[in-house]
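Report on the structure
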Amino acid sequence: MLGEFEYLLIAAAARLGDEAYGAAILLEIERSTRRKCSIGALYTTLDRLEAKGMITTWMGNPTQERGGRSKRMVRVKAKGVEAATAFHEAVSMMSHGTSWEAVQTGTRK
Amino acid sequence: MRNLWTRSTDALSRSLDPNEREAVFGDFAELGMTDQRAMRSVLGLVLRRQLRLWKQWEPWFALVAIIVPVCPLLAALSTELGQGIFPKAWMWLHHGIFYETGVSPAALLVAFFIQAIALITWSWTSTFALGSLSRRTSWVNGTLFFVMCLTLGVHRWLFSFGLLWSTPWAWLLLMVKFLVVLIPAYCGLRQSAKSLNLRIRWMVPLTAWTVTMGVLAFWTRGWGQAAIDNWSHGSSALTLLQLAQRADVWEAMVSHLLTAAVLTGPILYMLAINTFLHRQSRIRRG
């Protein structure tokens with residue numbers, strides 16, 4: 001089972017497609033979750049996911065806006081898609097029929 | 001002039017892979033990150049990387065098998081060497097007389113140089129083995145190695161010489177430590193960063209050299225005590241039988257053997273690993 005941050009990273013990379021790389025994934029996660037994401041967490045999670053065979057990474061071409069430095073490009077592999085789908089289904093199933101307002105106000109029977 | 005944050009970020013990022021460093025610095029440029037936040041990000045990444053590396057056995061083995069046993073010995077022997085030359089050099093330069101130890105000045109000089117060369121060899125081989133065991137954690141283990149060698153035993157010296165600490169002579173001990181332990185240790189770490197393993201044709205003479213210097217160092221360390229024994233027993237030296245009957249001689253011998261075993265341990269380990277790798281590659285080549 002994926003961790004929450006691992007799922008966010010795979011989802012961001014899948015959404016970005018061919019434009020998935022470190023900074024873009026970081027911005028995507030920050031934009032979606034409205035939370036700060038650290039480079040350290042991002043790169044160590046990328047390594048972990050790559051070791052699990054869920055993503056593949058490679059060094060892209062250097063660009064001007066990055067001061068002539070290369071990007072670490074990311075692509076989600078079939079195993080990653082499978083794991084993310086399983087995570088999403090588990091969360092959806094757990095959430096299905098749960099009334100959060102009722103839980104919050106304590107009126108749930 | 002580059003500010004402190006940029007310099008710190010640069011220094012920290014050196015422990016990252018070149019590709020990762022490039023990608024991370026590119027991300028910083030693209031995100032327009034402030035120097036301070038970039039430094040925090042790199043620090044976080046480096047710490048996470050180190051924590052992951054420390055989940056493996058190699059850095060712990062280097063810590064337990066090299067740093068813990070070797071550093072106190074190197075610190076003690078270098079302090080002893082520095083303390084040994086201090087009164088002699090002081091007397092000679094300030095009063096023009098030789099501090100009488102019962103050993104001739106030439107023999108003392110030979111003993112000093114042999115012990116210094118032995119310490120240089122042990123320091124170099126220890127940090128070379130340290131870096132070879134786990135290159136990416138070598139800066140953590142290396143820092144620990146330097147701090148331990150520099151600080152252990154210094155407090156005793158500080159107290160024993162009291163006010164002399166304020167004189168330039170007082171720095172002699174630190175100078176000796178730097179010359180015979182810290183600088184060779186740094187060179188050993190640098191060498192391990194360049195190539196993890198020495199070729200077998202270098203490893204065998206290096207091991208032989210380390211063992212020989214160890215034997216010579218412990219032999220020459222005993223000259224002072226031998227001179228006192230000769231003096232207290234008249235002109236005749238103790239016979240081997242008389243020596244063998246003395247408990248303190250056995251204790252000293254066991255202590256010397258253990259010390260020599262610990263200090264030559266790293267190079268013997270490297271020799272064993274290199275021999276194994278060499279044989280493996282020969283088998284593979286058929």
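For the structure itself, look to the data block above.
This report concerns the structure included in the present document.

1. Some words on the overall build of chain A
- Along chain A, the regular secondary structure elements total five helices and two strands.
- Sequence-distant contacts in chain A: of pairs separated by 6 or more residues, those separated by 24 or more amount to 48%.
- A total accessible area of about 6,700 Å² is found for chain A, and carbon and sulfur atoms account for 54% of it.

2. Describing the overall build of chain B
- Looking only at helices and strands, chain B has 12 helices and zero strands in total.
- Along chain B, helices and strands appear, N-terminal first, in the series α-α-α-α-α-α-α-α-α-α-α-α.
- Looking at chain B as a whole, 37% of its 286 residues are labelled buried.
- Within chain B, contacts between residues separated by at least 24 positions form 82% of all contacts whose residues are at least 6 apart in sequence.
- Summed over its atoms, the accessible surface of chain B is roughly 16,300 Å², and 69% of this surface lies on carbon and sulfur atoms.

3. Some remarks on the interface of chain A and chain B
- Counting from both sides, the interface comprises 23 residues of chain A and, opposite them, 20 residues of chain B.
- On the surface where chain A and chain B come into contact, there are six salt bridges.
- As a salt-bridge pair, B:Arg49 and A:Asp47 come within 2.5 Å of each other at their nearest N and O atoms.
- Going through the elements one at a time, helix H2 (22-33) and helix H3 (39-51) of chain A are the ones with two or more residues in the side of chain A that touches chain B.
- Broken down by element, the residue count for the side of chain A that touches chain B peaks at six residues, all from H3(A).
- Along the lines of polarity and charge, the residues of the side of chain A that touches chain B split into nine nonpolar, six polar and eight charged.

4. As for the packing of H2(A) against H3(A)
All names here are of chain A.
- Where H2 contacts H3, the axes come no closer than 11 Å and their chain directions differ by 115°. Our classification of the angle between H2 and H3 gives roughly perpendicular. Regarding H2 and H3, the two cross each other, and that crossing is right-handed. Across the interface between the two elements, Gly22, Ile25, Leu26 and Ile29 of H2 pack against Ile39, Leu42 and Tyr43 of H3.
- Tallied by class, residues from the contact of H2 with H3 come to six nonpolar, one polar and no charged.

5. Things to note about the pattern of salt bridges
All names here are of chain A.
- If you walk through the whole model with that rule in mind, you get 15 salt bridges over all chains.
- Between arginine 15 and glutamate 28 there is a salt bridge whose closest N-O contact spans 2.9 Å. Separated by 13 residues along the polypeptide, arginine 15 in helix H1 (residues 4-16) and glutamate 28 in helix H2 bring together distant segments of the chain.
- Given a relative accessible area of 59%, arginine 15 falls into the exposed group.

Quick notes on the rules
- Residues numbered from 1 in each chain as written.
- Chains lettered and ligands numbered in written order.
- Predicted model: local features only at pLDDT ≥ 70, side-chain atom pairs only at ≥ 80, totals over all residues.
- Heavy atoms only, no water.
- Helix = DSSP H or I, 4+ residues; strand = E, 2+ residues; numbered from the N terminus.
- Contact = heavy atoms within 4.5 Å.
- Areas by Shrake-Rupley, 256 points an atom, 1.4 Å probe, with all protein chains shown as cover.
- Buried < 20%, exposed > 50% of the residue type's maximum accessible area, 1.4 Å probe, protein only.
- Salt bridge = Lys/Arg side-chain N within 4 Å of Asp/Glu carboxyl O.
- Nonpolar A, V, L, I, M, F, W, Y, C, P; charged D, E, K, R; others polar.
- Axes fitted to C-alpha atoms, helices over the stretch in contact; angles between N-to-C directions.
- Parallel < 35°, antiparallel > 145°, perpendicular 65-115°, else oblique.
- Left-handed = near helix turned anticlockwise from the far one by under 90°.

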